[in-house]
Amino acid sequence: MTKIFAAGLGLQTFNSKGEVIATRYPKAFIRKDTNADIVDEFVNIFTEWFDYKGGNITIPFKDLNFDDLLHKFKDHEGTVKFLKMTRSVHTRVVVTLLETDEAPNDVNEAFLKLILISNLSIQPHNQNIDDILGKLKNLAWTSLGPIDLDEINDCLLLADVIGEPIHVYSEDKFPQMLDFVVTKGTRICDASRVRLGAYVSPGTTVMHEGFIDFNAGTLGTSMVEGRISAGVVVGDGTDIGGAAFITETL
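Residues numbered from 1 in each chain as written. Predicted model: local features only at pLDDT ≥ 70, side-chain atom pairs only at ≥ 80, totals over all residues. Heavy atoms only, no water.

### Digging into helix H6 (residues 149-162)
Put simply, the test is: Each helix is a run of H or I in the DSSP string that is no shorter than four residues. Each strand is a run of E no shorter than two, and both are numbered from the N terminus. An expected span of 1.5 Å times one less than the residue number is assigned to each helix. Any N or O atom pair separated by 3.5 Å or less is treated as a polar contact, with the protein-specific requirement of one donor-capable and one acceptor-capable atom, and with residues adjacent in sequence counted only for side-chain atom pairs.
Given a rise of 1.5 Å per residue, 14 residues ought to cover 20 Å, and the 20 Å separating the end C-alpha atoms of H6 matches this to within 8%. A distance of 2.9 Å separates the backbone nitrogen of Asp150 from a side-chain oxygen at the start of H6, and that oxygen is part of Asp148.

Right, here's the structure in full:
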């Protein structure tokens, strides 16, 4: 039985060249004492289906019998729900298995590791995200999702022609967190101020001018009115005033 560091079921987004530009992981988890049995069962099922031999890899779903797969996961309500929702687009569905905690090899692994932080599975500084910026592509993040910058102007023109305008939220390597992970027990007054990869603990309020970067965040109840830069974490009960700028050398 292969024991792994982390795993996720994801949906990829491609550009017109067929390159993966972003991957959403609604099911993403790290193997730890509290969920080791569930993760091991998850990995064992995919080991059988994909003849997984170990290593860090992303495997696309192709030519799978989804009914058989759903039966395998009958005790995993969340996984069954995801598979049922995506069975009609199975060419874009992937499973990412990370046997070891290494620097991300590609877009898939980079997004999985960022999502693991934002869904509070692992705290900042507790996994290897070396050179993650080099694995992420600068994209237009829009009301239709991520779009390659080489294609965004044509998309905007086409949207105007058909009368369905696209709103561009940002041009960045990171999306806003709430487009990928919606937290519970928090208040985030402006979604654009919290990047994917932020760790926002329950009880935290991020006011309109507050900001939390990736691999950074709050470890308990906090008020964030200033800036928490990449790599910075603050403890329970912290109140970061509007003029505060907490940074560190990356």
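### Side note on the sheet that holds strand E15 (residues 233-234)
Counted only if it meets this: Any two strands between which DSSP finds at least two bridges are classified as paired.
Strand order across the open sheet formed by three strands is E9-E12-E15, with parallel pairing between neighbours. The two strands at the open ends of the sheet, each matched to only one other strand, are strand E9 (198-200) and E15. Pairing of strand E12 (residues 216-218) with E15 involves two bridges; the strand directions are parallel. Bridge pairing in E15 places Gly217 opposite Val233.

### Some thoughts on the pairing of strand E2 (residues 20-30)
Pairing between strand E1 (residues 6-14) and E2: eight bridges, direction antiparallel. Its bridge partner lying in E2, Phe14 is registered against Val20. In this structure, the hairpin formed by E1 and E2 is closed by a connection of five residues, where Gly18 is found at a positive phi of approximately 85 degrees.

### Some words on the sheet that holds strand E6 (residues 145-148)
Rules: Helix axes are fitted to C-alpha atoms over the stretch in contact, other axes to C-alpha atoms as well, and angles between N-to-C directions run from 0 to 180 degrees. Contact criterion: two residues are considered in contact whenever any of their non-hydrogen atoms come within 4.5 Å of each other.
In spatial order, the strands read E6-E5-E7; together these three strands make up an open sheet with antiparallel pairing. One side of each edge strand has no neighbouring strand; the edge strands of this open sheet are E6 and strand E7 (168-172). The sheet shows a mean angle of 25 degrees between the axes of neighbouring strands, direction not considered. In the sheet, strand E5 (residues 139-142) pairs with E7 via four bridges, with the strands oriented antiparallel. Pairing of Trp141 across the sheet is with Ser170, part of E7. Across the sheet, H6 touches E5, E6 and E7, and the angle it forms with E6 is around 105 degrees.

### Quick look at the nonpolar core
Looking at soluble globular proteins, one finds that nonpolar side chains tend to be buried together. For clarity, the threshold we go by: Each nonpolar core is a collection of buried residues, namely Ala, Val, Leu, Ile, Met, Phe, Trp, Tyr and Cys, held together in the definition by side-chain atoms within 4.5 Å. Summary of the burial criterion: residues with accessible area below 20% of their type's maximum are buried, those above 50% are exposed, and those between are partly exposed, where the area comes from a 1.4 Å probe applied to protein chains only.
Counting 43 residues, the largest nonpolar core has Phe111, Met177, Val194, Leu196, Ile212 and Ile228 as the members making the most contacts within it. Looking at this core, the elements with two or more residues in it are E2, strand E4 (93-98), helix H4 (107-118), E5 and E9. A total of eight residues in this core trace back to one element, the largest contributor, which is H4. Discounting residues that sit within four places of it in the chain, Phe111 has contacts with Ile21, Ala22, Thr23, Tyr25, Leu136, Trp141, Pro175, Phe180 and Leu196.

### As for unusual backbone geometry
Of note in this structure, His125 is not a glycine but carries a positive phi near 75 degrees. Inspection of the secondary structure assignment puts His125 in the loop between H4 and helix H5 (132-135). Backbone geometry places Asn215, a non-glycine residue, at a positive phi of 55 degrees. As for its placement among the helices and strands, Asn215 is situated in the loop between strand E11 (211-212) and E12. A residue is classified by how much of its surface remains accessible, and Asn215, at 11% relative accessible area, is buried.

### A closer look at the pattern of salt bridges
The line we're drawing: The rule for a salt bridge is simple: a side-chain nitrogen of Lys or Arg has to be within 4 Å of a carboxyl oxygen of Asp or Glu.
The tally for this structure, following the rule as stated, stands at seven salt bridges. Where Lys113 meets Asp101, a salt bridge forms, and the shortest distance between an N and an O atom there is 2.5 Å. Taken together, the positions of Lys113 in helix H4 and Asp101 in the loop between E4 and H4 put the pair twelve residues apart, joining distant regions of the chain. In this structure, Asp213 engages Arg195 in a salt bridge whose closest nitrogen and oxygen atoms are separated by 2.8 Å. Taken together, the residues Asp213 in the loop between E11 and E12 and Arg195 in the loop between strand E8 (187-188) and E9 connect sequence positions 18 residues apart. Arg195 shares its class with Asp213; the two are buried. Three or more residues are tied together by salt bridges with common partners; here these are Lys3, Arg31 and Asp40.

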